[in-house]
Structures are given as structure tokens and as C-alpha cells.
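Given next are the chains, with one letter for each unit.
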Amino acid sequence: RQLAPGVVHVPDWLDAAAQRELVVACRGWARGPVPIRHTRLPRGGVMSVQTVCLGWHWQPYAYTRTADDVNGARVAAFPDWMVALGRRAVTEAYGDAAAGDGYTPDTALINFYDEAARLGMHQDKEERSGAPVVSLSIGDNCVFRFGNTENRGRPYTDVELRSGDLFVFGGPSRFAYHGVPKVYPGSCDPACGLRGGRLNITMRVTGLG
Ligand code: MD3
Ligand code: FE
């Protein structure tokens, strides 16, 4: 379960009912107030993954309160129930209630992968906090590539993530390179609530006022 110090994988953490509830919530956020979109990159490309944000709006490479690159609307609030879910995730992954109680995420990035979507190796370093990232996966299985803090290449470890899996990334690996090189279409049990594709929710602490 522990891949590196502070990096813990908990397979099957969400049961099917909890997965379906998250899918329903994410469908609502995907419609608005800021519709889900392929994020535009500064050099003119677009990401193949589609993203909707809660609490803070992320665009490369900063957090703002309004969705400047979409419709200018304020993003949906980060709900209290998701703070509670994040705390329970940290408590259970680390087996440390104090770590969970001290965790107050204020933003989530919700990524949707269709069968062609990929996420290249990158670091998440817009947050002004070293607090852990909590990741929940729903839908099709994928290859998650967990690298090192120095560069995009080797050494890295490939892990298969499945519907219901929890991953917590903290400690010295918080700023490691990582990505999603492959999604396996049609690999998910429909009981997860998605009719295809993969959903990933990452909760974070921005460290911004
Ligand atoms: C390791 N998402 O949104 S979640 C992202 O499955 C992102 O959609 C992937 O990378 C996805 O930025 C991977 C797991 C994850 C998230 C943040 C991390 C792993 C991390 C930050 C540091 C190290
Ligand atoms: Fe990331």
C-alpha cells in the first residue's frame, strides 16, 4: 500500500454506492457554473483530459477564484462534505487521525478521461502548501505513472488504478512527477455509475487566502 514515504494506495476505498454519488455530484458541476472544458495551454494546445474545478479555478499555471479562461463565472464552492471525505481519506490512508483532522482541502480538480485522453508527466506545484493531495478514481482502469522529483523520466513506477481506489500523495513525494499514460476503455463495472471513461477527483490545499 505504501509506495514511498507519504504515498499510500488504498484499493476499493469507495463502495459502488459512494462512487455513484460522486458521479452524480460531478455531473452537476460539469454543467456549471463553469462548464467542464479541455484546459487551454499557454502555448496554444489543449489538454485531452476535461477538467472542472471546485473552490479555486485552475488554469496553467495558477489558481484564481473566477474562470477567466472559460466564462468568467465564480467556480462552485468546495463543499463541506468533501472536506470531511478528504479528512477521512487521510486518516485512513495514513492510519493517523491527527493527520486527517489537520487536513483542510480548499480546492478539487475533477478530471474526466475519455478513451483517448492522457495526462503527460507533470508536477503539481501551483499550491503554496506541502499538504497531501487526495485522489479518488471512478470508472475505467488506468495506468498511473508515479515518477521522481527530478525529471519526467525514469525512475518511475506504474500502478493500475481502478474504480473506487484512493491514493494519498504527501511527504517528500508531494512534488514528484506523475501522469496517466493509458486508460483501458470498457474496463469498469457499470455499478460505478459511469457509462464509459474515467473520473478522477483530486483534493488539494492551495495555501492561498
Ligand atoms: C502525485 N491527476 O489532476 S491523480 C492532476 O488521475 C493529476 O487525473 C491524475 O495528476 C489523474 O494533477 C493523477 C494522482 C495525483 C495527483 C496529484 C499528485 C498524484 C500526485 C501530486 C503529487 C504527486
Ligand atoms: Fe497532477
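Each value, and the rule that gives it
Residues numbered from 1 in each chain as written. Chains lettered and ligands numbered in written order. Predicted model: local features only at pLDDT ≥ 70, side-chain atom pairs only at ≥ 80, totals over all residues. UniProt positions renumbered as here; feature names shortened; annotations may be inferred. Pairing = 2+ DSSP bridges. Helix = DSSP H or I, 4+ residues; strand = E, 2+ residues; numbered from the N terminus. Axes fitted to C-alpha atoms, helices over the stretch in contact; angles between N-to-C directions.

- The protein appears in an unreviewed UniProt entry as Alpha-ketoglutarate-dependent dioxygenase AlkB from Streptomyces catenulae.
- Listed in UniProt under the heading Cofactor (unreviewed entry), the comment for the protein reads: "Fe(2+)".

**Description of the sheet that holds strand 14 (residues 198–204)**
Item 1. Strand order in this open sheet of eight strands is 1-2-12-9-14-7-4-3, and the pairing throughout is antiparallel. At either margin of the open sheet sits one strand with a lone partner, and together these are strand 1 (2–4) and strand 3 (37–40). Adjacent strand axes in the sheet meet at a mean angle of 30° when their direction is disregarded.
Item 2. Sheet analysis places strand 9 (residues 133–139) next to strand 14, joined by six bridges and oriented antiparallel. Bridged to Leu 136 within strand 14 is Ile 201.

**Quick notes on the sheet that holds strand 10 (residues 142–146)**
Item 1. Strand order across the open sheet formed by four strands is 8-13-10-11, with antiparallel pairing between neighbours. The open sheet has two edge strands with one neighbour each: strand 8 (119–122) and strand 11 (157–161). Each strand axis lies, on average, 25° off the axis of its neighbour in the sheet, ignoring direction.
Item 2. Pairing of strand 10 with strand 11, which is carried by five bridges, proceeds in the antiparallel orientation.

**Re the pairing of strand 2 (residues 7–10)**
Item 1. Examined bridge by bridge, strand 1 and strand 2 share two bridges and lie antiparallel to one another. Within the sheet, the bridge partner assigned to Gln 2 lies in strand 2 and is Val 8.
Item 2. Turn length for the strand 1-strand 2 hairpin, with the two strands adjacent in sequence and antiparallel, is two residues, and the turn residue Gly 6 shows positive phi of about 85°.
Item 3. Summarising the sheet, strand 2 and strand 12 (residues 166–169) pair through four bridges and their orientation is antiparallel. Within the sheet, the bridge partner assigned to Val 10 lies in strand 12 and is Leu 166.

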